[in-house]
Amino acid sequence: MTSTNRPRPRAILRIHFHPAERSEELYGQLLAVVDGVSSRVEPLPADWSAYVDLTGALTYWGRDVEGLVAVIRLRLLALHGVPSSAGAGPTRSIAAIAADLTPPGAATVIRDDPYEIAAFLRTRPASALPGIGTKTARTLARYGITTVGDIADSRLHTLQRILGTTAARQAHDRAHGIDERPVAPGAAPRTLSTRHRFDHDELDTDQHHRAVLGLAQELGRRLRASDEIAQALTLTVTYADRTQTTRSRSLAEPTAHTPALAAAARELLTGLGLQRARVRTLAVRAERLHSAEHATRQLTFDDRDDRLRRLETALDKATTRYGPGIAGAASTYPGAG
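Cut-offs used in this document
Residues numbered from 1 in each chain as written. Predicted model: local features only at pLDDT ≥ 70, side-chain atom pairs only at ≥ 80, totals over all residues. Heavy atoms only, no water. Axes fitted to C-alpha atoms, helices over the stretch in contact; angles between N-to-C directions. Helix = DSSP H or I, 4+ residues; strand = E, 2+ residues; numbered from the N terminus. Left-handed = near helix turned anticlockwise from the far one by under 90°. Contact = heavy atoms within 4.5 Å. Nonpolar A, V, L, I, M, F, W, Y, C, P; charged D, E, K, R; others polar. Salt bridge = Lys/Arg side-chain N within 4 Å of Asp/Glu carboxyl O. Phe/Tyr/Trp six-rings, centres within 6.5 Å; stacked < 30°, edge-to-face > 60°. Buried < 20%, exposed > 50% of the residue type's maximum accessible area, 1.4 Å probe, protein only. Core = buried A, V, L, I, M, F, W, Y, C linked by side-chain atoms within 4.5 Å. Polar contact = N/O pair within 3.5 Å; in protein donor to acceptor, adjacent residues only side chain to side chain.

Draft legend 1. Geometry of the packing of helix α10 (residues 205–225) against helix α11 (residues 258–272). The contact between α10 and α11 brings their axes to 9 Å, and the two run at 145°. Viewed along their axes, α10 and α11 form a crossing whose handedness is right-handed. Contacts from H208, H209, V212, L213, A216, Q217, L219, G220, L223 and R224 in α10 reach T258, L261, A262, A265, R266, L269 and T270 in α11. Partitioning the contact of α10 with α11 into residue classes produces nine nonpolar, six polar and two charged.

Written out as structure tokens, the structure reads:
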């Protein structure tokens, strides 16, 4: 185990929230509960989680990591009825891996002990290490490197030939339990959400698509009304048994343009393959919002996009005057092609 240049012992928590229904307001309330224990909270709204630096809070509360994690999880359940899962360890990487392995209603804590860290990390698949995606894991596997332990045992210059200098150093350090990245406290980035609840649990995929297109249209209208653009889109599907699936996608360019939002939402929905799913609720959330004055557009010789944007402006004015549902993109209505 390499121990040189290790940061001072830390206690980092990665906590995932598992509410029955999601809303921007509820997410903020859950963050406030966590903030009441430690003010060093880094929100991760895309997957309803957060990093929390508990290092200073341990002394303040006079508890160990297990005890403080239990306090946070109990408060979330008592105040909002929201179960959670959590992983904690001396680094962000270890906390993230532990959290990914932990089911809702439980917590996994890895102590800042070299032997415990090694025992936890070494048997994990290489893809469990933050920064090692599926494609990189396949590349490593071609060289017989399939576990985090294999990465730790590999010579750095060997990894550099496979992954490149920066990625190899990062993977090598994290495989040894070294990760100096701090928790970056801050408010949750502003988001806009809209949802559609079906009158009955809906099996018809055409109805799913019409609902999602309608939600994208509503998000676009609200973004343009607030003079904002979104950098990412998240789709959440709630099924008849109240379980949920969430998928997110970064947009090709920040936008409030309905066709771009609708295309991204449609791709997210199609990727879920809901042919036999009984869907109760669909929700679409625009994320990482900022002022539209920072928007950029790809220039083309086709004026179709300009015409669509002029149409969009006209539809927005009609909606403002007559109310939602008066006008919109034809593809959001029944019978549209």
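This is not the end of the story, as more comes after the structure.
Draft legend 2. Molecular detail of the pattern of salt bridges. Counted according to the given criterion, the structure contains 13 salt bridges. D179 is the salt-bridge partner of R181, the closest N and O atoms lying 2.7 Å from each other. Three or more residues joined by partner-sharing salt bridges are found here, namely R174, D179 and R181.

Draft legend 3. Geometry of the packing of aromatic side chains. Per the counting criterion, the structure on display carries three aromatic pairs. Aromatic side chains F17 and Y27 sit 6.1 Å apart centroid to centroid with 70° between the ring planes, which places their arrangement in the edge-to-face category. Residue F17 is found in strand β1 (residues 12–17), and its partner Y27 is found in helix α1 (residues 24–35); the two are separated by ten residues along the sequence. Residue Y27 is classed as buried on the basis of its relative accessible area, which comes to 5%.

Draft legend 4. Just unusual backbone geometry, in detail. In this structure, W48 takes a positive phi of about 50° despite not being glycine. Of note, W48 is situated in the loop between β2 (41–44) and β3 (49–53). On the basis of relative accessibility, which here comes to 2%, the residue W48 falls in the buried class. One non-glycine residue, R242, lies in positive phi territory at about 75°. Topologically, R242 is positioned in the loop between β7 (228–239) and β8 (244–255).

Draft legend 5. Up close: the nonpolar core. Membership of the largest hydrophobic core comes to 31 residues, with the highest contact counts inside it found for L223, L233, L235, V237, L274, V279 and L282. When contributions to this core are tallied by element, the ones reaching two or more residues are β6 (192–202), α10, β7, α11 and β9 (279–287). Residues in contact with V279, not counting those within four places in the same chain, are F198, H200, D201, E202, H208, V237, T238, Y239 and L274. With 28 residues, the next largest nonpolar core counts V34, V37, A50 and V109 among its residues.

Draft legend 6. Examining the side chain of E42 more closely. Within the secondary structure, E42 sits in strand β2. We classify E42 as buried; its relative accessible area is 13%. In terms of polar contacts, E42 uses its side chain to reach the side chain of R92, at 2.6 Å. Setting aside its immediate chain neighbours within four residues, E42 contacts A50, Y51, R92, P182, V183 and A184.

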